[in-house]
Amino acid sequence: MDLIASHITHRFGDLAVLDDVSFTVGAGEVVAIVGPSGCGKSTLLSILGGLLQPTSGAPELRGAPPADSLNPLTFVFQDFALLPWATVEENVEFPLLHTRLSAAQRRALVDDALRRTGLTDFRATYPKQLSGGMRQRVGISRALAVKPAILLMDEPLSALDSQTRELLMEDFVRLLADGGMGAVYVTHNLEEAARLADRIVVLSRRPGRIREVMTVPMTRAARGEASAREKLLALQNQIWSLIRNEAIDAEREVQHA
Amino acid sequence: MLDRAATEAVAKNEATRPVRFRGAGFVPASSRYGGWIALALVIAIWQAAGSAGLVNALFLPTPAAIVRAIYQLAVSGALWQHLSASLLRIGVGWLLGTAAGVVVGFAIGLSRLARSVGITFISALFPIPKIALLPLLILWLGIGEEPKIATIALGVFFSTAISVYSGVDAVPRNLIRMAQSFNVPFATIVRKVIWPGALPAILAGFRITASVALLLVVSAEMIGAQYGIGAFVLQAGNLMQTDQLLAGVVILSVFGLVVGKVIGWLETRLLHWR
């Protein structure tokens, strides 16, 4: 199943946020969206996931999702969005409650998702008892439980410390390794984009337009090797040179707001 | 480098002194028995002043006299007669007002149309002292239990509706968007996200409405009732039986405390995740 951003333009009142953004996320492909602060990255993701109506243009799907997918487009949120009154297990089961699955089938999906994210021993804990990294693991586990075709990840690591970020990044690489699941990965962190994405969509300062779409010239598996480090760094520098001046302008604009 | 080493050597020979602790106080905590000790102290002084004849028993009976009055009321059966009448009015009035308040509060919290209409009416009617409506309610509903119960229900309704829609408004939108992103149906979002999310505000509202119900039952019983704690207190006042009057006040206070404890227990049970 492909996800297509088709000429998406969005305004919040008088404020133009996105301007004619078009690109396609192919089946199993990971596309990162980067750009200066306030360029509309998260707004674009909300539109792609059907949580926000664009002013014009539309998100579209092409092809059928995998037969076992319960929620083809599934978000992983920056702030985790966990139900604080529910245990880890209940949080992961939450999106399955309204499906036609039996209790046993739900249990099997939850068990599998918890196992894949290393949360099996934490199933009875409440979110407030977990660290930020573990909370995001619950968010990922919840997303995996519905077997998504495409994960929509809105800066999923930005609320975490650098060590936890590194560990979760390794998890993302592992989860996306088999190509069965695609992702749109919104981030301001160029290193994350370079490590995870097949292609990187670079947006301009607000209103966000596509400045460039860059292909990462190696497989994700190869990026862990020492020889790849230099190429990835060069790619990051190339993206940074594209957005640096606009990032400075955007930062000043935010400070003066 | 040499200078620094010399300075350090001199410094090591000087006597040390502890850094003064400056972080005491400004902690919103109370000592465990402080309140009870203060209460006992006040009662003891009150009793001593009454026993020594420093205070006229007609104006302020001693705590012992109040306890005796409560005991006599209990033995004679009058306590239960008055208390049961008040409890019935509070119970029925509170339940009716709460049920209506929860329904209307949720409607306002969830529907744009209900919000526009509901908030206008609530803003206009909430500030009216509900006891002022009792004569009108007597005219409409007769002189039985109905107008008293309706007065309590009205008072409880407005506070409940406000606390419920405030609670619904306070549910983090990101949780609702999360549920929508999984195609969770509206009814499940209300049941699994909005209801538990609004529960802290709703329970806080219950504390307020319990006090409102107590206030209104006493006022309503003072205006038109033969039995009930309010009627009893008024009657005792008219007959200058201040020990009986204060016995009624103490019973009201104990009732308020018990309700507070019950709501506290509910909060502990239902909001353990906080």
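Not measured: the values here are computed from a predicted model.

Turning to unusual backbone geometry, a few remarks are in order. For the peptide bond that leads from Arg206 of chain A to Pro207 of chain A, omega is -5 degrees, which places it in the cis range. Structurally, Pro207 of chain A can be placed in the loop between strand 8 (199–203) and strand 9 (210–215). Residues other than glycine seldom take positive phi values, yet Ala81 of chain A does so here, at roughly 50 degrees. Its location among the elements puts Ala81 of chain A in the loop between strand 5 (73–76) and helix 2 (88–93). Judged by the 23 C-beta atoms lying within 10 Å of it, Ala81 of chain A falls in the buried class. With a phi close to 60 degrees, Asn183 of chain B is a non-glycine residue in the positive phi region.

The subject of this paragraph is the confidence of the model for chain B. Across chain B, pLDDT averages 91, with 96% of residues at or above 70. For this predicted complex, the interface confidence reaches an ipTM of 0.90, while the overall pTM sits at 0.83.

Take helix 3 (residues 63–76) of chain B next. Residues and elements named next belong to chain B. Relative to the 20 Å expected for 14 residues at 1.5 Å per residue, helix 3 spans 20 Å between its end C-alpha atoms, a close match to the ideal helical length. Every buried residue of helix 3 is listed here: Ile66, Ala69 and Leu73. Down the axis, helix 3 shows its buried residues gathered within 60 degrees of arc, on one side only. Residues of helix 3 that are exposed and angled more than 90 degrees away from the buried face: Tyr71 and Val75. Check the buried side of helix 3 and you find it contacts helix 4 (78–110) and helix 11 (242–270).

This part is about the environment of Arg206 of chain A. Residues and elements named next belong to chain A. Topologically, Arg206 is positioned in the loop between strand 8 and strand 9. Arg206 sits 44 residues away from Ala250 along the chain, and the two C-alpha atoms are 8.2 Å apart. When residues no more than four places from it in sequence are discounted, the contact partners of Arg206 are Val17, Gly38, Cys39 and Gly40.

Following the sequence through the fold, Tyr126 of chain A ends up in the loop between helix 3 (103–116) and helix 4 (132–145). Every residue in contact with Tyr126 of chain A, bar those within four places of it in the chain, is listed here: Pro84 and Thr87 of chain A together with Trp273 of chain B.

What counts as what
Residues numbered from 1 in each chain as written. Chains lettered and ligands numbered in written order. Predicted model: local features only at pLDDT ≥ 70, side-chain atom pairs only at ≥ 80, totals over all residues. Helix = DSSP H or I, 4+ residues; strand = E, 2+ residues; numbered from the N terminus. Buried ≥ 20, exposed ≤ 12 C-beta atoms within 10 Å, placed from the backbone. pLDDT = per-residue confidence, 0-100. Expected span 1.5 Å × (residues − 1). Arc of directions from axis to C-beta. Contact = placed C-beta atoms within 7 Å.

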